[in-house]
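Coordinate inspection notes
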Amino acid sequence: MYQFIYDLTGNMIISTLVVAVFPLVNVLLVALIGVYLERKVSAWMQDRVGPNRTGPYGLFQTVADFVKMMQKEDAVSNEVDKKLYNIAPVLVFAGSFAAYAAIPFSSKLIGSEAEVGIFYVIAISSLVVAGILMAGWSSNNKYSLLGAMRSAAQIVSYEIPTALVVLSMVMLTGTLSLSKMSEMQTAYFWNWNIFGGAAFALNKFLLIPFMLVGFIIVFISTLAEVNRTPFDIPEAESELVAGYFTEYCGMKWAMFMLSEYGNMFAVSAIVSILFFGGYQSPIGYLGNTIGATWLIPYEQAFWFVAKGWFFILVQMWLRWTLPRLRVDQLMAVCWKYLIPYAFLNLIIIGIISLL
Amino acid sequence: MMNAEEIYNLLKEKFGEAVIGLEKENPTEPIITASPLQIHKISEFLRDNDQLKFDSLMCLSGVDDANGEKIKEEDGSEIIKGGTLSVYYHLHSVSLKHKITLKVSAPREEPKVESVENVWKCADWHEREAFDLVGIVFLNHPDLRRILMPYDWDEFSEEISRHPLRKDYKNPEFYQGMKIPY
Amino acid sequence: MSLKTETMVLNMGPQHPSTHGVLRLELEIEGELVLSVKPHLGYLHRCFEKHSEAMQYNQVVPYTDRLDYLASIGNNLGYAIAAEKLLGIQVPERVEYIRVIMAELQRIASHMVALGSNGADIGALTPFLYLFRDREHILSIIEETCGARMLYNYIWIGGLSHDIHPDFVRKTKEFVNYFKPTIVELDNLLSYNKIFIERTANIGVLPVDTAINFGASGPTLRGSGIKFDLRRDDPYSIYDRFDFDIPVGKGLQGTVGDCWDRYYVRVREMEQSLRIIEQAIDHIPEGDVKAAIPKRIKPPKGTAYARVENPRGDLGYFIISDGNTNPFRVKVRAPSFVNLEILGELCKGHLVADIIAILGSIDIVLGEVDR
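Values in this document were obtained by computation on a predicted structure and should not be read as measured data. All residue numbers refer to positions counted from 1 along the written sequence of the respective chain. As they are written, the chains are lettered A onward and the ligands numbered 1 onward, keeping that order. Note on the predicted model: pLDDT of at least 70 is required for a residue's local features to be given, and 80 or more for side-chain atom pairs to be given and counted; whole-chain, interface and lining totals, by contrast, use all residues.

Structural notes on the overall build of chain B
- Working definition: helices are DSSP H or I runs of at least four residues, strands are E runs of at least two. Numbering for both runs from the N terminus. What chain B contains, in helices and strands, is 3 helices and 11 strands.
- Along the chain direction, N to C, the helices and strands of chain B fall in the order α-β-β-α-β-β-β-β-β-β-α-β-β-β.
- Partly exposed residues are those whose C-beta has more than 12 but fewer than 20 other C-beta atoms within 10 Å; 20 or more makes a residue buried and 12 or fewer makes it exposed, with C-beta atoms placed from the backbone. When burial is assessed residue by residue, chain B has 39% of its 182 residues classed as buried.
- Contact between residues is assigned whenever the C-beta positions, reconstructed from backbone atoms, fall within 7 Å. Summarising the internal contacts of chain B: among those between residues at least 6 apart in sequence, 51% fall at separations of at least 24.

Below, the structure written as structure tokens:
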């Protein structure tokens, strides 16, 4: 993207700034729209109206919330460990924000075309655990501590099935780069990895069921990594009040929320890159048809964002339908089911790709 | 199924003096009166006897009978001296489907009643409540603390305002430095 | 090598989202494992019993509303029956029918809250709001009749405060027809949900003898598999005229007497309440609902104990009269108060998250526990 903007403006400073600010704007937008949608979607599902007072259809509800959050007094208890307490939300937010650097929004719109993109994303999102533990410990609140312990255990455990599935995909595509992975699934939707990838051979059809298994595993475990119901036990409001951010208020609290929604979009993006063609259009490009190739990156960005939002909506749908698991059951799901299946899947995909 | 009179005769035969009498003039339910310091073994018998099988304690109520001598204080309020405090036990048998009411009365100055907590487990909180609100002391109760009123109610109040369901109860003036009738 | 470990004391409540009010639980935990639970009550103590000694008999009725505020009709009914027993009055047929229908409507409404909040505690918020949507129908039926939505003050000693609304019969029938398929929906959404079953089956198992010894009643007792319902076993009002089943816990998903059984008994009880309403609604006789209300209530000296099957269990009123216009002593045997006592027994050895599930399945209302 840097090159793209540089070509456009011819100024290094502006292009660097744009590249850096773009993911931030994206995270903010995702949170802004995400919170609004969460309210509206849950309202529709529960036979309610949802926000409808602030602006048309309550569209400005989240804006009003953000304004309120900014104005709030930053109340800090005397008993907290101030340094860690203040760093924690920043760290959590940084973790989820930094993941955006390697996510290709389109063939041109990408912060860093790092060769190790997927590796980087997995590594940097682990930073969140440190932030959560800090928040839980420094708050000097038993509920926060319990929430933080649960969260650390959960995120660390669920990274394993995610990594295993990612490994199998890396094996299949032969690259760690997210943009290359997306590029390989070009043209139409039957070239997506979930349908066995672009190469047309016997392998393609053999792979489909295992791709489906891989997708389900990675979707479940990313759901757990972003603490969404049915895996929201770190912040289970009926048990732990608000989990690790019980003691936070105002903007610091808002940063946790921002990072939650930022994470939601990030993991949706990863899932769509791994299995659903990333920024590739399922039905070909309008730009190709009418001969305007400059249109293609914008189309790609549209498809990418649409896929991301689709998975966010699925996450919301699950959240408002399912109860939550208990902490030991959550671990059981991970260690007893997801990891063995992910291993098996890894081996089978390896064998098939050797055929 | 046994009626109150049969149960009374059975108890009288078994326990003699400990079972005091049968109040029948009551409009709705006959009440067997018993001695407060023997109630534990009577209860055990009521629960374990094959003809009775009172396996469930429906209700246990502490009552201030206010039948003592009423003394006017200088400020116009009354205090009661003498008389009794009573405990009513409403028993029920789930298997045999019959009911009975027991009553024990203990002197107001020294209201001591045997606890039936280990006969019917649900008596635990009921007895704590009777202790809390009426001031009946249950002997052998494992955990006789206040239950509804604050644990430190005693420290802030005169003796007359310790147990609110007594008829001569007077509101204390202060609780933890706060004036009570606002 | 062994590490020295310490247990932690965790205060759950009085301000906690799922203690159903101002209950405070003192948990001793080791990691997430609960070693002991100690409930502390009294945060909502309003001296109901002391208050009623200063009121005339009929003035106590509004106070009974505030005991179990989710099932006010049942509280009114219990108090009215106890006072009528003391006075020796017989209420007219019409009153009896309306009382039964109202009490059953109230039972459904109360179970809706119980089931919904049990689900919500476990994390399923949607069934909770579906049930609240349906509860609205009941509330508006009762509101049209007596003008209040929560604290009805509807059943008076010897009668009712208002006669039923002209639309009452039609609307109640509409509701019965509307609600039957909704129970199926609830079953599909929550009762047979795999995660919900995982969270509630085999959790907080209450054996029958413990339940009886602890004086448990209502769905908490029936969940343990014993067919005991005051409407059948000690009939009051005109319940002996209706045909209904008593659902009991059978351990369909786990052990008899677990949280899921208690939950499921409530779901099936709503169906039976609908059956009772269906049988009663067409046979309300004509007449006056205030005929038997005494002008001046001055019962003879004596005592009366009456108990009714409230949604939460066996609600008992013990009234002592000394022949005056005020009751000498009113003691309430609140079902939640007695059921809550079992909590400590049930929670031992479970995880923190299970405490919420167990508390939700016992279904307490703090207004009644603390009085």
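Quick notes on the environment of C:Glu136
Residues and elements named next belong to chain C.
- Relative to the assigned elements, Glu-136 resides in helix H5 (residues 125–146).
- Residue classification places Glu-136 among the partly exposed positions, given that 14 C-beta atoms sit within 10 Å.
- Between the C-alpha atom of Glu-136 and that of Arg-149, which follows or precedes it by 13 residues, the distance is 9.3 Å.

Here we look at H5(C)
- To estimate the expected span of a helix, subtract one from its residue number and multiply by 1.5 Å. With 22 residues, H5(C) should cover 32 Å at 1.5 Å per step; its first-to-last C-alpha distance of 31 Å lies within 8% of that length.
- Residues of H5(C) that are buried include every one of C:Leu125, C:Thr126, C:Pro127, C:Phe128, C:Tyr130, C:Leu131, C:Asp134, C:Ile138, C:Ile141, C:Ile142 and C:Thr145, and no others.
- Of the surrounding elements, those touching the buried residues of H5(C) are helix H2 (12–45) of chain A together with helix H4 (93–122) and helix H6 (168–191) of chain C.
- Count one or two residues on from H5(C) and you reach C:Gly147, which has phi positive near 90°.

Observations regarding the arrangement of the chains
- Out of 2 pairs of chains that touch, the pair holding the most contacts is chains B and C.
- Contact between chain A and chain B is absent, and the least distance between their C-alpha atoms amounts to 25 Å.

Some remarks on the interface of chain B and chain C
- On the side of chain C, 32 residues touch chain B, which itself brings 27 residues to the contact.
- Counting residues per element, the ones that place at least two in the side of chain B that touches chain C are strand S3 (56–64), strand S6 (84–92) and helix H3 (123–133) of chain B.
- Take the side of chain B that touches chain C: its biggest share by element is 6 residues, from S3(B).
- When residues are sorted by character, Ala, Val, Leu, Ile, Met, Phe, Trp, Tyr, Cys and Pro go into the nonpolar class, Asp, Glu, Lys and Arg into the charged class, and all the rest, Gly among them, into the polar class. Residues of the side of chain B that touches chain C, tallied by class, amount to 16 nonpolar, 6 polar and 5 charged.

Describing the sheet that holds S3(B)
All names here are of chain B.
- Two strands qualify as a pair provided DSSP detects at least 2 bridges between them. Taken in spatial order, the 5 strands line up as S1-S2-S7-S6-S3 in an open sheet, and their pairing is mixed. Each of the sheet's edge strands pairs with one partner strand only, and the pair in question is strand S1 (19–23) and S3. Looking at each pair of strands side by side, their axes are set apart by 25° on average, direction ignored.
- When S1 meets strand S2 (residues 31–34), the two strands line up antiparallel, connected through 4 bridges. Considered in S2, the bridge of Glu-23 is made with Ile-31.
- Angular values range over 0 to 180 degrees, each being the angle between N-to-C directions of two axes fitted as lines to C-alpha atoms, with helices fitted over their stretch in contact. On the sheet, helix H1 (residues 4–15) packs against S1, S2 and strand S7 (99–107) and is oriented at approximately 165° with respect to S1.
- The sheet contacts of H3 involve S3 and S6, and relative to S3 the element is tilted by about 5°.

Notes on the interface of chain A and chain C
- At the interface, 22 residues of chain A touch 26 residues of chain C.
- Of all elements in the fold, only helix H10 (237–240) and helix H14 (327–354) of chain A reach the threshold of two or more residues within the side of chain A that touches chain C.
- Among the residues forming the side of chain A that touches chain C, the class breakdown is 9 nonpolar, 5 polar and 8 charged.

Considering the pairing of strand S8 (residues 329–333) of chain C
Residues and elements named next belong to chain C.
- Burial analysis of S8 places 5 of its 5 residues in the buried class, which makes it a mostly covered element.
- Across the two faces of S8 the burial is the same, with Arg-329, Lys-331 and Arg-333 and Val-330 and Val-332 all buried.
- By the bridge criterion, 5 bridges tie strand S7 (residues 313–321) to S8 in an arrangement that is antiparallel. Looking at the pairing, Gly-316 lines up with Arg-333 of S8.

A short note on the sheet that holds strand S3 (residues 33–40) of chain C
Residues and elements named next belong to chain C.
- Strand order in the open sheet made by the 3 strands is S1-S2-S3, with antiparallel pairing throughout. Strands at the two margins of the open sheet, each flanked by one partner only, are strand S1 (8–12) and S3. With direction set aside, neighbouring strand axes in the sheet form an average angle of 25°.
- Looking at chain direction, strand S2 (residues 24–30) and S3 are connected through 7 bridges and run antiparallel. The residue bridging Glu-28 from the neighbouring strand is Ser-36, located in S3.

Remarks on the confidence of the model for chain C
- Summarising the model, chain C shows a mean pLDDT of 86, and 100% of its residues fall at 70 or more.
- Under the prediction, the complex receives an ipTM of 0.85, its pTM being 0.86. Confidence of the predictor at the level of single residues is captured by pLDDT, which takes values from 0 to 100.

Remarks on unusual backbone geometry
- Positive phi, normally seen in glycine, also occurs at A:Tyr57, with a value near 55°.
- The topology assignment puts A:Tyr57 in the loop between H2 and helix H3 (61–71).
- Within the chain, C:Asn153 stands out as a residue other than glycine whose phi angle is a positive 50°.
- You can see C:Asn153 is positioned in the loop between H5 and strand S4 (155–156).

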